[in-house]
Amino acid sequence: MNMEFSVARGDYLSAGKVSSQIKQTLKQIGYPNDLLRRMAVACYEAEINMIIHSYGGVVRLQIGEDGAVTMVFADYGPGIASIEKAMTPGYSTADEKAREFGFGAGMGLPNIRRVSDHFDLKTSPAGTTLTLGWEMDV
């Protein structure tokens, strides 16, 4: 099964809609609650990062026949200046608007890595692609 969702730059009012739709889909399939929670945390954090930091992008959900789940978050730039800094808990480049909405604590990428079985981050000025995965037999 493959699904694709759009994420718009600065769309704080829609923040969390994609992750909610993905969680609902995975719940209907029958993934256990502990795994759903980990996937939902990662998806929400990545979706928020796209809203705050990118020029927009897409989220692709792939569910393999073996139950493995892959989520790909691909945005259109501007890229991450320093992955090392971005992976440091508490480091944030969020602007004032993001902070007004309660975002920008600098825990997104560290939390995503913590709850994901597979974590791959590639970035350039043209955009960032974050690929996450979880293994599970359903």
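In this text, all values refer to a predicted model and were calculated from it rather than measured experimentally.

Reading the values: the criteria
Residues numbered from 1 in each chain as written. Predicted model: local features only at pLDDT ≥ 70, side-chain atom pairs only at ≥ 80, totals over all residues. Heavy atoms only, no water. Axes fitted to C-alpha atoms, helices over the stretch in contact; angles between N-to-C directions. Helix = DSSP H or I, 4+ residues; strand = E, 2+ residues; numbered from the N terminus. Parallel < 35°, antiparallel > 145°, perpendicular 65-115°, else oblique. Left-handed = near helix turned anticlockwise from the far one by under 90°. Contact = heavy atoms within 4.5 Å. Nonpolar A, V, L, I, M, F, W, Y, C, P; charged D, E, K, R; others polar. Salt bridge = Lys/Arg side-chain N within 4 Å of Asp/Glu carboxyl O. Buried < 20%, exposed > 50% of the residue type's maximum accessible area, 1.4 Å probe, protein only. Pairing = 2+ DSSP bridges. Expected span 1.5 Å × (residues − 1). Arc of directions from axis to C-beta.

### Observations regarding the packing of helix 2 (residues 33-53) against helix 5 (residues 108-115)
Okay, so step 1: Relative to each other, helix 2 and helix 5 sit at 155°, their axes nearing to 9 Å. The orientation of helix 2 relative to helix 5 falls into the category roughly antiparallel. As helix 2 packs across helix 5, the resulting crossing turns out to be left-handed. Contacts from Arg38, Val41, Ala42, Glu45, Ala46 and Asn49 in helix 2 reach Gly108, Leu109, Asn111, Ile112 and Val115 in helix 5.
Okay, so step 2: Each residue belonging to the contact of helix 2 with helix 5 can be placed in one class, and the counts come to six nonpolar, three polar and two charged.

### Some words on the pattern of salt bridges
Okay, so step 1: In this structure the tally under the stated criterion is three salt bridges.
Okay, so step 2: Ionic pairing is found between glutamate 4 and arginine 60, a salt bridge with its closest N-O pair at 3.0 Å. On the criterion of sequence distance, the pair formed by glutamate 4 in strand 1 (residues 2-7) and arginine 60 in strand 2 (residues 57-63) is long-range, its members being 56 residues apart.
Okay, so step 3: On the accessibility criterion, glutamate 4 (51% relative accessible area) is exposed.
Okay, so step 4: Aspartate 117 is the salt-bridge partner of arginine 38, the closest N and O atoms lying 3.3 Å from each other.

### A look at the sheet that holds strand 1
Okay, so step 1: One open sheet holds the five strands; their spatial order is 1-2-3-5-4, and the pairing between them is antiparallel. In this open sheet, the two edge strands, each paired with only one partner strand, are strand 1 and strand 4 (118-124). Averaged over all pairs of adjacent strands, the angle between their axes in this sheet comes to 10°, without regard to strand direction.
Okay, so step 2: For strand 4 and strand 5 (residues 127-134), the ladder comprises seven bridges, and the chain directions are antiparallel. Considered in strand 5, the bridge of serine 124 is made with glycine 127.
Okay, so step 3: Contacts between helix 2 and the sheet are confined to strand 1, strand 2, strand 3 (69-75) and strand 5, with strand 3 contributing the most and set at about 5° to the helix.

### What to know about helix 1 (residues 17-29)
Okay, so step 1: Counted at 1.5 Å a residue, the expected span for helix 1 with its 13 residues is 18 Å, and the 19 Å between its end C-alpha atoms agrees.
Okay, so step 2: Regarding helix 1, the residues found buried are Val18, Ser19, Ile22, Thr25 and Leu26. For helix 1, the angular spread of buried residues about the axis comes to 125°, placing them on one side. Residues Lys17 and Gln28 are exposed on helix 1 and point more than 90 degrees away from its buried face.
Okay, so step 3: Close packing links the buried residues of helix 1 with strand 1, helix 2, strand 2 and strand 3.
Okay, so step 4: Following helix 1 by one or two positions, glycine 30 adopts a phi angle in the positive range, close to 115°.

### Section: the pairing of strand 3
In regular strands, side chains alternate between the two faces of the sheet.
Okay, so step 1: Counting buried positions over the seven residues of strand 3 gives six, a clear majority of the element.
Okay, so step 2: Sheet topology places strand 2 next to strand 3; seven bridges connect them, and they run antiparallel. Residue pairing for strand 3: valine 59 is matched across the bridge by phenylalanine 73.
Okay, so step 3: Where strand 2 folds back onto strand 3 in an antiparallel hairpin, the turn is made up of five residues, including glycine 67, whose phi is positive at roughly 90°.
Okay, so step 4: Pairing analysis gives six bridges linking strand 3 to strand 5, with the strands arranged antiparallel. Paired with methionine 71 across the bridge in strand 5 is leucine 132.

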